[in-house]
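# Topology and contacts: notes
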Amino acid sequence: MKTEITLIVNGEAVRDVIEPRTSLADLLRDRLRLTGTHLGCEMGSCGACLVLLDGTPVHACLVLAVQAAGQRVDTIEGLNESGDIKDLQQNFHARNALQCGFCTNGMIMTAHALLSESTAPTRPEIREALSGNYCRCTGYEAIVDAISATAKQRATNAGAGK
Amino acid sequence: MSKDHIGQSHRRENALRHLAGRGRFTTDLSLPRMLHAAFVRSPMAKGRIVEVDVTDAAAAPGVVRVFTAQTLNHVCEPWVGTLDHFAGMQSGPQNMLADGQVLWAGHPVVMILAHSRAEAEDACELVMLDIEDEDAIVDGDAAQMENAPLASDGIDSNMCFQTVLETPDLDAAFARAAHVVEGDFTFGRHTAVTLEPRAVIADYDPSTGQLTVHHGTQTPYQFQDVYARHFGLNESKVRVIAPDIGGSFGMKLHVYHEEMATVAASLLLGRPVRFVADRLESFVSDIHARDHRVSARMAVDADGTILAMDVDDMTQIGAFSTYPRTSAAEGNQVIRLMGAPYKMPDYRGRLSVVFQNKVQTSQYRAVGHPIACAVTEALVDRAAQLLDMDPFDIRARNLLADDDYPHVSATGYQFEKLSHQASLEKLHDMMGYGALRKEQARLREQGIHRGIGIAPFVEITNPGAAFYGVGGARISAQDGAVVRLTPSGDVHCAISVTEQGQGTETIIAQVVADQLGVTPERVKVTTGDTDTTPSGGATWACRGAGIGGETALRAGRKLQAQILALAGAILQADPAKLTLANGAVVDAATGDERISLAEIGRIATYRPDTLPDGCNSSLTAAEHFAPGGYPFDFTNGIQASYVEVDIETGITRLLKHWVVEDCGRIINPLLVDEQIRGGVVQGLGPAFFEECLYDDAGQMTNASLADYLVPMAGEMPDIEIAHVETPTKDTILGAKGVGEAGTAAAGAAAMNAVNDALRPLGAQISQTPMTPLRILTALGHVSAGPKRGY
């Protein structure tokens, strides 16, 4: 028995007919082929599958696709095209804050959410915010540096705009 | 040597794709008519299979085929994980699905192929598995008891491999020693937990006989060889493509039952088959690492001179030795790396590699290094304590002198040139040792228990055939590169070393760019495809920069000579008076541009008719390089850890970590530092958190990412790094490896730091991970439980 759902994914209306047990992550990856959302544990521990559901980061592996019906979902592909995370991307690149790249989607989502709430997070606050994002490659320091640098740049730019 | 780009912190172009959500992982790939595999696994550690009934599963919705050992194993030649140079080594033959016997909890028994993974998993629930429980061998000491049951068929005892290294004067050294310090150490079993699980898509096309395997591995050529030989295919009909890989660290270069079964299923069904391990099955099928019990003693003179070490290592590896690299290499390196940084003249190391009914253990980042380093450095600290010496002073007395090379260690390793003394001094300055000790003393008066630990190390890099080739394994010791100038004057390099995010493609571009006088942005590097890159060993045991880099350098120089010869013909000039710079052929004396590379490419490609008769217009150069000279290029370094132990809760806070490292010529400082940082955290994880816990029946009890603790951002310290540069003279490039350095000594430094914090309280810990409960037990605040695994 399948269910028809509609939702807005990266600004585009999407309609699909799915099994009710389909997770949002599987809908995004397997049906819509938005493979930038990664699956690392499928139990909400690793953070690789984070997406924005009506602007809030959620684990796409723990949300059923039917729960997202009628809502807005933003993935890394959408944020990339919108330009909203351009400075974060630039700082991650400059600081080499990723190696294999599998956790990067989740790191960017967490950083994006953190910086939209906190303009000047301390390093311990950034580390705390990343407590649900597992990275096996980097040792985290470069990620903290990149987020910190982005926060400072945004603060400087905001100051210059006054 | 041109150093325009070698030595610069170039950024990784391939990182941009990941940041845009455009990674290309095996798990992202979907092929037409692709089936999804799921496995029914043994629920118990050991048993006889009485009956497997797959009738209901085969009839389940979406199921296309169900395989058991009887219907699948016949297509694959069994594999045996032994090597000839490990004398007397044994391991039973392995095949894809359990046949007659299950040998660990997680052993695959039935393979189900369905239109979706969910449907395959549903059908797994319908398989009736009747297995008669047998006594499992869970503990390595119990495995060695007389009359202990065997961990598997095909072996005559539970001893996989034993060896002893001994210098003639060992006993005399202990007899004349002023002091002997000793300890018993336990190093827990842990696992790689790559964020992308193991993934493979096998795609056999019966119309052409071509097998293409998309495989998340660091060693595509090794798997091309394995698939060809074990499935009876011509090598030319096997293509292995390793796209983006979500972490490997050694874990993804071993042969696994599930990957082999996926290939077999595709061969039998003639359509693509996908297997992606979910996290739960990763824990019970990915190789585990370490799992050592070590008894060690160290003889020292009255002045703190280290005379000898005597070490006994027992390591527990599961029911089989892994293939094709075996499960004995780890222990072999443990006993050979003991005492490696020191002048220590005498040594005895005994190794016992023991079978048991658990997941296989095998090579994982920094193979053997963390164990050898932790044991050695714990004993050095105990000697220092006994003699009331500062940890820096006792190491200064014993470290190999920077001018005392070449040197052969007591265990037989040949060191070309290391820099222990310079590294020790640099670390002392960098961490502000004196001030740190004062801070520690001041805080102790306030009841705050901080500790400082240091650990010098030696790392094995750039291995030649001595690792595996001499033992009969078909694992390449050489690498290959093809460099070409494109018709518009850009450069392309196809190379056999692979990329897992450490920056292989970037450093290769830098090296090639410097040989051809272009910027790295104009060098496109392709890796990870056996059809499009030359054959080679790829990336393992720290060979990407040292061996891959040298291969690229030599190929680049070969093409440079071809370009200059062609330019000489075009310009009617002596090629010896020309060189390459700024994307052009220039006058070597004046630097003036004579002809651009774009123009060379244009003429050679579109107007070869204008070249003089007999002029060779080839703009492609191939080169293979196998390391010669020393069997390995050893690197060295030293790490320090600063911790605070809460003696009420047993929780350790990691305040700071320092590393001084000497990896020879540094190609890209940014990437080297990030390799070290990542490596340190991979060493700190198992020092404090990571452990595969088993119950007495051989069941892993924390096999999920909610229960198995990995290091997260909040617990990890900032890591300060400095370098000494001692290039190897074995190569033109002079680079050595750096991938294992961080992991090699981080845990050792941390254990010394924790013990430094506990010392005034009379407590000592010799087991990793150093969990809060174990620290409280060491402090006597809780009584030791009856079991090791808590």
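Cut-offs applied
Residues numbered from 1 in each chain as written. Chains lettered and ligands numbered in written order. Predicted model: local features only at pLDDT ≥ 70, side-chain atom pairs only at ≥ 80, totals over all residues. Helix = DSSP H or I, 4+ residues; strand = E, 2+ residues; numbered from the N terminus. Rg over C-alpha atoms; globule rule 2.2 N^0.38 Å. Buried ≥ 20, exposed ≤ 12 C-beta atoms within 10 Å, placed from the backbone. Contact = placed C-beta atoms within 7 Å. Pairing = 2+ DSSP bridges. Axes fitted to C-alpha atoms, helices over the stretch in contact; angles between N-to-C directions. Domains from an automatic or database assignment. Nonpolar A, V, L, I, M, F, W, Y, C, P; charged D, E, K, R; others polar. Core = buried A, V, L, I, M, F, W, Y, C linked by C-beta atoms within 7 Å. Parallel < 35°, antiparallel > 145°, perpendicular 65-115°, else oblique. Left-handed = near helix turned anticlockwise from the far one by under 90°. Arc of directions from axis to C-beta. Expected span 1.5 Å × (residues − 1).

As annotated in an unreviewed UniProt entry, chain A carries the name (2Fe-2S)-binding protein and comes from Thalassovita aquimarina.

## Points about the overall build of chain B
Check the secondary structure of chain B and you find 20 helices and 29 strands. A compact globule built from 790 residues would reach a C-alpha radius of gyration of about 28 Å, and chain B, at 28 Å, matches this within 12%. Taken across its 790 residues, chain B has 60% of its residues classed as buried. Within chain B, contacts between residues at least 6 apart in sequence are counted, and of these 79% link residues at least 24 apart.

## As for the overall build of chain A
Looking only at helices and strands, chain A features six helices and five strands. Along its sequence from the N terminus, chain A presents helices and strands in the succession β-β-α-β-β-β-α-α-α-α-α. Computed over the C-alpha atoms, the radius of gyration of chain A is 16 Å, within 12% of the 15 Å expected from 2.2 N^0.38 for a compact globule of 162 residues. Per-residue burial for chain A yields a buried fraction of 53% across its 162 residues. Within chain A, counting contacts between residues at least 6 apart in sequence, those at least 24 apart form 60% of the total.

## Some thoughts on the pairing of strand 24 (residues 593-596) of chain B
A regular strand places its side chains so that they alternate between the two faces of the sheet. Residues and elements named next belong to chain B. In terms of strand pairing, strand 23 (residues 584-587) meets strand 24 through three bridges, oriented antiparallel. Bridging across to strand 24, valine 585 finds its partner in isoleucine 595. What sits between the antiparallel neighbours strand 23 and strand 24 is a turn of five residues, in which glycine 591 has the positive phi angle 80°.

## Let's talk about the interface of chain B and chain A
With 42 residues of chain B at the interface, the matching set in chain A holds 40 residues. Contributions of two or more residues to the side of chain B that touches chain A are made by helix 1 (13-19) and helix 18 (669-688) of chain B. Examining the composition of the side of chain B that touches chain A, we find that seven residues originate from one element, helix 18 of chain B, more than from any other.

## As for the sheet that holds strand 28 (residues 719-723) of chain B
Residues and elements named next belong to chain B. Strand order across the open sheet formed by four strands is 18-26-27-28, with mixed pairing between neighbours. With partners counted over all chains shown, the strands left at the sheet margins are strand 18 (449-461) and strand 28, one partner each. Strand-to-strand twist in this sheet, taken as the mean axis angle between neighbours without regard to direction, amounts to 15°. Of the pairings in the sheet, the one linking strand 26 (residues 633-645) to strand 27 (residues 652-662) comprises ten bridges and is antiparallel in character. Directly across from valine 645, in strand 27, lies its bridge partner threonine 652. Where helix 19 (residues 741-758) meets the sheet, it contacts strand 18, strand 26 and strand 27, and its direction lies at approximately 155° from that of strand 18.

## As for the domain arrangement of chain B
A common way to state how big an interface is: give the accessible area lost once the parts meet. Residues and elements named next belong to chain B. When its domains are assigned, chain B resolves into domain 1 (13-22 + 478-625), domain 2 (31-134 + 193-283) and domain 3 (365-459 + 633-778). Counting from both sides, the interface comprises twelve residues of domain 1 and, opposite them, 15 residues of domain 2. Of the residues belonging to the side of domain 1 that touches domain 2, the class tally is two nonpolar, eight polar and two charged.

## A closer look at the domain arrangement of chain A
Residue and element names in this part refer to chain A. Under the domain assignment, chain A is made up of domain 1 (3-79) and domain 2 (85-157). Between domain 1 and domain 2, the residue contacts involve 14 residues of the former and 13 residues of the latter. Looking at the side of domain 1 that touches domain 2, the elements with two or more residues in it are strand 3 (50-53) and helix 2 (76-82). By residue number, the principal contributor to the side of domain 1 that touches domain 2 is strand 3, which donates three residues. Taken together, the residues that form the side of domain 1 that touches domain 2 break down as nine nonpolar, five polar and no charged.

## Let's talk about the nonpolar core
As a rule of thumb, nonpolar side chains are buried together in soluble globular proteins. Residues and elements named next belong to chain B. Among the nonpolar cores identified, the biggest contains 297 residues, and Val110, Met111, Ile112, Val375, Cys493 and Val512 are the most heavily contacted of them. No other element matches helix 19, which puts twelve residues into this core. Beyond its immediate stretch of four places on either side in the chain, valine 512 contacts Val483, Val491, Cys493, Val523, Ala552 and Gly556.

## Here we look at the packing of helix 18 of chain B against helix 19 of chain B
Residue and element names in this part refer to chain B. With their axes 7 Å apart at the nearest point, helix 18 and helix 19 run at an angle of 45° to one another. Classified by the angle between their axes, helix 18 and helix 19 sit oblique to one another. The handedness of the crossing between helix 18 and helix 19 comes out as right-handed. Contacts between helix 18 and helix 19 involve Gln675, Ile676, Arg677, Gly678, Gly679, Val680, Gln682, Gly683, Leu684, Pro686 and Ala687 on the former and, on the latter, Ala741, Gly742, Thr743, Ala746, Gly747, Ala750 and Met751. In terms of residue class, the contact of helix 18 with helix 19 is made up of nine nonpolar, eight polar and one charged.

## Side note on the pairing of strand 19 (residues 479-485) of chain B
Residues and elements named next belong to chain B. Summarising burial for strand 19: six of the seven residues are buried, a large majority. Two strands pair when backbone bridges link them, and strand 19 and strand 25 (residues 620-625) are joined in this way by six bridges, in the antiparallel orientation. What sits directly across from glycine 480, in strand 25, is histidine 624. Relative to strand 20 (residues 491-495), strand 19 is paired through five bridges, and the arrangement is antiparallel. Counterpart to alanine 481 in the pairing with strand 20 is isoleucine 495. Hairpin connection between strand 19 and strand 20: a loop of five residues separates the two successive antiparallel strands, and glycine 489 in this loop has a positive phi of roughly 90°.

## Some points on the sheet that holds strand 10 (residues 210-215) of chain B
Residue and element names in this part refer to chain B. Pairing in this open sheet of seven strands is mixed, and the strands run 3-5-1-12-9-10-11 from one edge to the other. The sheet is open, and its two borders are formed by strand 3 (63-67) and strand 11 (238-241), each paired with just one other strand. Across the sheet, the mean angle separating the axes of adjacent strands is 20° when strand polarity is ignored. Relative to the sheet, helix 4 (residues 117-124) contacts strand 1 (35-41), strand 3 and strand 5 (108-114), its axis offset from that of strand 1 by approximately 25°. Helix 7 (residues 220-231) rests against strand 10 and strand 11 of the sheet, and its axis sits at about 145° to strand 11.

## Examining helix 12 (residues 391-398) of chain B
Residue and element names in this part refer to chain B. Within the span of helix 12, buried status applies to Pro391, Ile394, Arg395 and Asn398. For helix 12, the arc enclosing every buried residue in end-on projection is 100°, short of the 170-degree limit, so these residues lie on one face. Considering only its buried residues, helix 12 is in contact with strand 14 (306-316), helix 11 (369-387), helix 13 (420-430) and strand 18.

## So, helix 15 (residues 504-516) of chain B
An α-helical turn contains 3.6 residues, so a residue and the one three or four places further along point in the same direction. Residue and element names in this part refer to chain B. Along its 13 residues, helix 15 runs 19 Å from first to last C-alpha, staying within 8% of the 18 Å computed at 1.5 Å per residue. Most of helix 15 sits inside the fold, with 13 of its 13 residues counted as buried. In the stretch just after helix 15, glycine 517 is the one whose phi turns positive, near 65°.

## Details of the environment of proline 124 of chain A
All names here are of chain A. Along the chain, proline 124 falls in helix 5 (residues 123-129). Residue classification places proline 124 among the exposed residues on the basis of 11 C-beta atoms within 10 Å. Sequence separation between proline 124 and valine 144 is 20 residues; the distance between their C-alpha atoms is 9.0 Å.

## A short note on the packing of helix 10 (residues 329-337) of chain B against helix 11 of chain B
All names here are of chain B. Two elements in contact, helix 10 and helix 11, have axes whose closest approach is 8 Å; the angle formed by their N-to-C orientations is 30°. Classed by the angle they form, the pair helix 10 and helix 11 counts as roughly parallel. Our pair here, helix 10 against helix 11, has a crossing hand that is right-handed. Between helix 10 and helix 11, the contacting residues are Gln333, Val334 and Leu337 on the first element and His369, Ile371 and Ala372 on the second. A class-by-class count of the residues in the contact of helix 10 with helix 11 yields four nonpolar, two polar and no charged.

## Looking at the environment of phenylalanine 92 of chain A
Secondary-structure assignment places phenylalanine 92 of chain A in helix 3 (residues 86-94). It is 9.1 Å that separates the C-alpha atoms of phenylalanine 92 of chain A and threonine 150 of chain A, two residues lying 58 residues apart in sequence. Leave out the neighbours within four places in its chain, and phenylalanine 92 of chain A touches Ala97, Leu98 and Ala146 of chain A together with Leu19 of chain B.

## Brief notes about unusual backbone geometry
Residues and elements named next belong to chain B. Cis geometry marks the peptide bond from tyrosine 323 to proline 324, where omega comes out at 0°. Along the polypeptide, proline 324 turns up in the loop between strand 14 and helix 10. Phi is positive for asparagine 582, close to 55°, though the residue is something other than glycine. Take asparagine 582: it is sitting in the loop between strand 22 (578-581) and strand 23.

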